[in-house]
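Understanding the architecture of this molecule
Chain by chain, the residues:
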Amino acid sequence: MPNHFHGIIEIINSDKTIAEMIGAFKSITTNAYGERVNENQWQAFDHKVWKRNYYEHVIRSELSHQKISQYIKYNPSKWCDDKFFVN
């Protein structure tokens, strides 16, 4: 769905916290967006690109990983049912 983002991050041998990783991701993507707007490839957005916080969930089993992966895969197909959908 265009109004939020889902992902799975697998952390292996990192000295970074999840907050640092998410912060870096938001910073990198916001800068890339700004570059595209300045190059007139993308339309400017009047609001912040990212909300201040994020939601995290620790996946503790293979079954949970499979269920969450399927949810992420099929979530965009529900966009038409979202209250923010504009046709």
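The structure presented is a predicted model; accordingly, all values stated were derived computationally and were not measured.

1. Here we look at the overall build of the chain
The helix and strand tally for the chain stands at two helices and zero strands. Expected size for 87 residues packed as a compact globule is a radius of gyration near 12 Å; at 16 Å, the chain overshoots this value by more than 25%. Its C-alpha atoms give the chain principal-axis dimensions of roughly 45 × 35 × 20 Å. In the chain, which comprises 87 residues, the proportion classed as buried is 10%.

2. A closer look at helix 1 (residues 18-38)
Here helix 1 spans 30 Å end to end across 21 residues, near enough to the 30 Å set by a 1.5 Å rise per residue. Of all the positions in helix 1, only Ile 22, Lys 26, Tyr 33 and Val 37 are classed as buried. Seen end-on, helix 1 carries its buried residues on one side only, within an arc spanning 40 degrees. Looking at helix 1, the residues exposed on the side facing more than 90 degrees away from the buried face are Ile 28 and Asn 38.

3. So, unusual backbone geometry
The phi torsion at Asn 13 lies on the positive side, around 50 degrees, for a residue other than glycine. With respect to the element layout, Asn 13 can be found in the segment before helix 1. Positive phi is not limited to glycine here, since Asn 40 has a value of about 60 degrees. When you line up the elements, Asn 40 lands in the loop between helix 1 and helix 2 (62-74). Look at Asn 40 and you get exposed, because its relative accessible area is 70%.

4. Regarding the packing of aromatic side chains
With the rule as written, the count across this model stands at four aromatic pairs. One aromatic cluster in this structure is built from Phe 5, Phe 25 and Trp 50.

5. Quick word on the pattern of salt bridges
Under the counting rule described, the total for this entry stands at one salt bridge. The shortest N-O distance in the salt bridge between Arg 36 and Glu 35 comes to 3.6 Å.

6. Examining the environment of His 4
Tracing the backbone through its elements, the reader meets His 4 in the segment before helix 1. C-alpha of His 4 to C-alpha of Lys 51: the two residues are 47 residues apart in sequence and 9.5 Å apart in space. In this structure the side chain of His 4 is engaged in a polar contact, spanning 3.0 Å, whose partner is the side chain of His 6. One polar contact links His 4 to Asn 75, side chain to side chain, over a distance of 3.4 Å.

7. As for the layout of surface pockets
Rolled over the atoms, a probe as big as a water molecule pinpoints where empty space is left. Quantified by volume, the largest pocket comes out at close to 1,600 Å³. Phe 5, His 6, Gly 7, Tyr 54 and Tyr 55 are, among the 33 residues lining the largest pocket, the residues nearest its centre. Only helix 1 and helix 2 provide two or more residues apiece to the lining of the largest pocket. Considering every element that reaches the lining of the largest pocket, the biggest residue donor is helix 1, with five residues. Of the residues that constitute the lining of the largest pocket, the class distribution is 21 nonpolar, seven polar and five charged.

Conventions adopted
- Residues numbered from 1 in each chain as written.
- Predicted model: local features only at pLDDT ≥ 70, side-chain atom pairs only at ≥ 80, totals over all residues.
- Heavy atoms only, no water.
- Helix = DSSP H or I, 4+ residues; strand = E, 2+ residues; numbered from the N terminus.
- Rg over C-alpha atoms; globule rule 2.2 N^0.38 Å.
- Buried < 20%, exposed > 50% of the residue type's maximum accessible area, 1.4 Å probe, protein only.
- Expected span 1.5 Å × (residues − 1).
- Arc of directions from axis to C-beta.
- Phe/Tyr/Trp six-rings, centres within 6.5 Å; stacked < 30°, edge-to-face > 60°.
- Salt bridge = Lys/Arg side-chain N within 4 Å of Asp/Glu carboxyl O.
- Polar contact = N/O pair within 3.5 Å; in protein donor to acceptor, adjacent residues only side chain to side chain.
- 1 Å grid on protein atoms, 1.4 Å probe; cavity = no way out; pocket = protein on both sides within 12 Å on 5 of 7 lines; lining within 4 Å.
- Points joined across faces, edges and corners; volume = space filled by probe spheres on them.
- Nonpolar A, V, L, I, M, F, W, Y, C, P; charged D, E, K, R; others polar.

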